[in-house]
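# Observations on chain architecture
What follows is the residue order along each chain.
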Amino acid sequence: MSSVTVRVALLILICVTGLVFAALWARRVRRAAAVDSKAARHPSLVQVTIGFVTNFFDTLGIGSFATTTTAFKALRLVPDEDIPGTMIVGHGLPVVMQALIFLAVVKVDSTTLLTLITATVLGGWLGAGVVTRLPRRSIQIGMGIGLLLAAVFMAMSQLELFPGGGLAVGLSGGKLLIAIAIIFVLGALLMVGIGHYAPCLIMLSLLGMDPRVAFPIMMGAGAMVAMIGGLRFIDKGRYNVRAALGLTLGGIPGVLIAGLAVKSLPLDVLRWVVVLVVTYAALTMLKSGLSAPNVSSEPDMRPRN
């Protein structure tokens, strides 16, 4: 099967999965609204703006999980234990748009693309099953660690400490097996709110691949794992419906503008600001988690509002 055929098939699969995800999500929201009218409320302007800004800069390579977590934590828009599910559900469809853009323009070996996306989805599916049962304290500590790692990766990128990478557009043999194992774990960690673009970029670069290849792999894997894992969060009610809708409604135009209209943007100063803000949010999240009692958080099967 040719690389072009695989990419077309993958694009179709992502589109179909996106439509199914949107339909199932809409049905669950309508069902929740029938029980509680507050579930039918539209997202606020602030929530939509967060979706636009985080997905705009995610498309340009800054990432969205760390910035979204920081915004939710600072503005107290979403309970800490619901932040992972809210991000997975809310960023799902915007990441679909990113995947369609990067899969269409960046060449990558079809075997590498399919195996790494599959490994990420499997890791995410298992990870979501664990996260939906975790207590608030465990999620706070996990997200705090994830935010610190995100800040470190951003700082390393700014200081040009990432490996330069090679020219390969695919992996085989032992290198492919190593990549599959690592990205499976990254897919699971993604469900805790730990973004996987930076570690994925480092891994692929160390294995000799062109760093640009990380974009279609990360976006394609992110889209599939967000929708499939997101269904588990929706099923358990472990997300904030208004905030998730805000991420989606603001995120889709943010992705389209960044991916199709913006050719260049001075991001160096902004990235350093993000490093500082994310570090502060990480310390705050860790402080909350370490000082809180480890009480089990049983979901009430309804999305939060």
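In this report, the structure presented in the accompanying data block is examined. In this numbering scheme, every chain counts its residues from 1 along its sequence in written order. In keeping with the predicted nature of the model, local features appear solely for residues at pLDDT of at least 70, side-chain atom pairs appear and are counted solely at 80 or more, and the whole-chain, interface and lining totals rest on all residues. Side-chain measures here rest on the full set of heavy atoms in the structure, leaving out hydrogens and waters.

Let us now look at the overall build of the chain. Comment: elements are numbered from the N terminus, with helices defined as DSSP H or I runs of at least four residues and strands as E runs of at least two. The helix and strand tally for the chain stands at 11 helices and zero strands. If you list the helices and strands of the chain from N to C, you get α-α-α-α-α-α-α-α-α-α-α. Long-range contacts, defined here as pairs at least 24 residues apart, represent 90% of the contacts in the chain between residues at least 6 apart. All accessibility values rest on the Shrake-Rupley procedure with a 1.4 Å probe; residue burial counts only the protein chains present in the view. For the chain, the computed accessible surface area is about 13300 Å², with 70% contributed by carbon and sulfur atoms. The contact criterion used is simple: two residues touch if any of their non-hydrogen atoms lie within 4.5 Å.

Bringing the nonpolar core into the picture now. In terms of nonpolar packing, the biggest core is built from 67 residues, with Trp25, Leu204 and Ile217 touching the most fellow members. A per-element tally of this core places helix H9 (residues 214-236) first, with 13 residues. By size, the runner-up hydrophobic cluster in this structure holds 11 residues, among which are Ala66, Leu147, Ala155 and Ala281. Side-chain atoms within 4.5 Å link the members of a nonpolar core, which is a set of buried Ala, Val, Leu, Ile, Met, Phe, Trp, Tyr and Cys residues. Per-residue accessibility, obtained with a 1.4 Å probe over protein chains only, is compared with the maximum for each type, and a residue is labelled buried under 20%, exposed over 50%, and partly exposed between these values.

Turning next to the environment of leucine 75. You can see leucine 75 is positioned in helix H3 (residues 65-75). The residues touching leucine 75, leaving out its near neighbours within four places in the chain, are Val46 and Ile50.

Quick look at the packing of helix H5 (residues 110-131) against H9 now. At a closest axis distance of 8 Å, the pairing of H5 and H9 adopts a crossing angle of 30 degrees. Considered as vectors, H5 and H9 are oriented roughly parallel to each other. The handedness of the crossing between H5 and H9 is right-handed. Contact residues: H5 offers Thr112, Leu113, Leu116, Ile117, Thr120, Val121, Gly124, Trp125, Ala128, Gly129 and Val131, while H9 offers Pro216, Ile217, Gly220, Ala221, Met224, Val225, Ile228, Gly229, Arg232 and Phe233. Its residues placed into classes, the contact of H5 with H9 shows 14 nonpolar, six polar and one charged. In this analysis an axis means a line fitted to C-alpha atoms, helices contributing only their contacting stretch, and an angle means the value between N-to-C directions, from 0 to 180 degrees. For classification purposes, angles smaller than 35 degrees are called roughly parallel, those larger than 145 roughly antiparallel, those between 65 and 115 roughly perpendicular, and all remaining angles oblique. What makes a crossing left-handed is the near helix being turned counterclockwise from the far one by less than a right angle; a clockwise turn instead makes it right-handed. For this classification, the nonpolar set comprises Ala, Val, Leu, Ile, Met, Phe, Trp, Tyr, Cys and Pro, the charged set comprises Asp, Glu, Lys and Arg, and every other residue, Gly included, is treated as polar.

Phi is positive for arginine 76, which is not a glycine, with a value near 55 degrees. Along the chain, arginine 76 falls in the loop between H3 and helix H4 (83-105). Relative accessible area serves as the criterion here: at 76%, arginine 76 is assigned to the exposed category.

Scope: geometric values only; no functional claims are made or implied.
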